[in-house]
Amino acid sequence: MKDRRIIDAFMLEAIAEARKGLSEGGIPIGSVLVRDGKIIGRGHNRRIQENNTMKHAEIDCLINAGRVGSYRNTVLYSTLMPCYLCGGAVVQFNISKVVVGESRTFPGSEKFMLDHSVEVINLDLDECVDMMKKFIKEYPSLWNEDIGK
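All values reported here derive from a predicted model rather than from experimental measurement.

Draft legend 1. Spotlight on helix H6 (residues 126-138). The terminal C-alpha atoms of H6 lie 18 Å apart, and with 13 residues this matches the ideal 18 Å at 1.5 Å per residue to within 8%. Within the span of H6, buried status applies to Glu 127, Cys 128, Val 129, Met 131, Met 132 and Phe 135.

Draft legend 2. Examining the pairing of strand E4 (residues 97-100) more closely. Inspection of the sheet shows strand E3 (residues 74-78) paired to E4 by four bridges, in the parallel sense. Bridge pairing in E4 links Tyr 77 to Val 99. Handedness of the β-α-β unit built from E3, helix H4 (residues 84-92) and E4 comes out right-handed. Bridge count for E4 against strand E5 (residues 119-122) is four bridges, and the pairing is parallel. Each residue of the ladder has a partner; that of Val 98, found in E5, is Val 120. In this fold, E4 hands off to helix H5 (residues 110-115), which returns the chain to E5; that crossover is right-handed.

Draft legend 3. Highlighting the environment of Gly 37. Structurally, Gly 37 is set in the loop between strand E1 (30-35) and strand E2 (38-44). Between the C-alpha atoms of Gly 37 and Phe 10, which are 27 residues apart in sequence, the distance is 9.0 Å.

Draft legend 4. Molecular detail of unusual backbone geometry. Unusually for a residue other than glycine, Asp 36 sits at a positive phi of about 50°. Considering the arrangement of structural elements, one finds Asp 36 in the loop between E1 and E2. According to the relative accessible area criterion, Asp 36 is exposed, its value standing at 69%. One non-glycine residue, Asp 124, lies in the positive phi region at around 50°. With respect to the element layout, Asp 124 can be found in the loop between E5 and H6.

Draft legend 5. Inspection of the pattern of salt bridges at higher detail. Counted according to the given criterion, the structure contains ten salt bridges. Residues Arg 46 and Asp 60 are paired through a salt bridge, measuring 2.8 Å at the closest nitrogen-oxygen approach. Highlighted residues: Arg 46 in the loop between E2 and helix H2 (47-50) and Asp 60 in helix H3 (residues 57-65), separated in sequence by 14 residues. By the burial criterion, Arg 46 is buried, and Asp 60 matches it. The partner of Glu 138 in a salt bridge is Lys 134, with the nearest N and O atoms 2.8 Å apart. In this pair, Glu 138 and Lys 134 both sit in helix H6, four residues apart, roughly one turn of the helix. Under the relative-accessibility criterion, Glu 138 is labelled partly exposed at 43%.

Procedures and definitions
Residues numbered from 1 in each chain as written. Predicted model: local features only at pLDDT ≥ 70, side-chain atom pairs only at ≥ 80, totals over all residues. Heavy atoms only, no water. Helix = DSSP H or I, 4+ residues; strand = E, 2+ residues; numbered from the N terminus. Expected span 1.5 Å × (residues − 1). Buried < 20%, exposed > 50% of the residue type's maximum accessible area, 1.4 Å probe, protein only. Pairing = 2+ DSSP bridges. Right-handed = clockwise from strand over helix to strand, strands pointing away. Salt bridge = Lys/Arg side-chain N within 4 Å of Asp/Glu carboxyl O.

Given below as structure tokens:
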């Protein structure tokens, strides 16, 4: 791991989800949902694996969390800045905080979430950047399809 900053356990779990997605032949983006210091949902981008355009990591994570009542005191961790689809879900469900691995490879919906009172923390982790850069270089058409280009 190139990045020597201390990464909290929840981001490490999101990174593990991203690696799992990559090992399945998918796009390496992972996410976990945390409440009261416990993971209550986890997921990774499954667009390719399930041939489902809506299966972004954050959406997969929320689906896997199931019905949790209020999301107001939850934190969503994602290895990549959420896109507008996923940022919209964050705003819709009043998730109060999003911790992101990086936004250098994709700027996503940070301003949108901030404009809707979501706290966004961007860790700017080299590990997350390197994972995405490698994937984008090796599979540009899959990446462009994922971001709607």
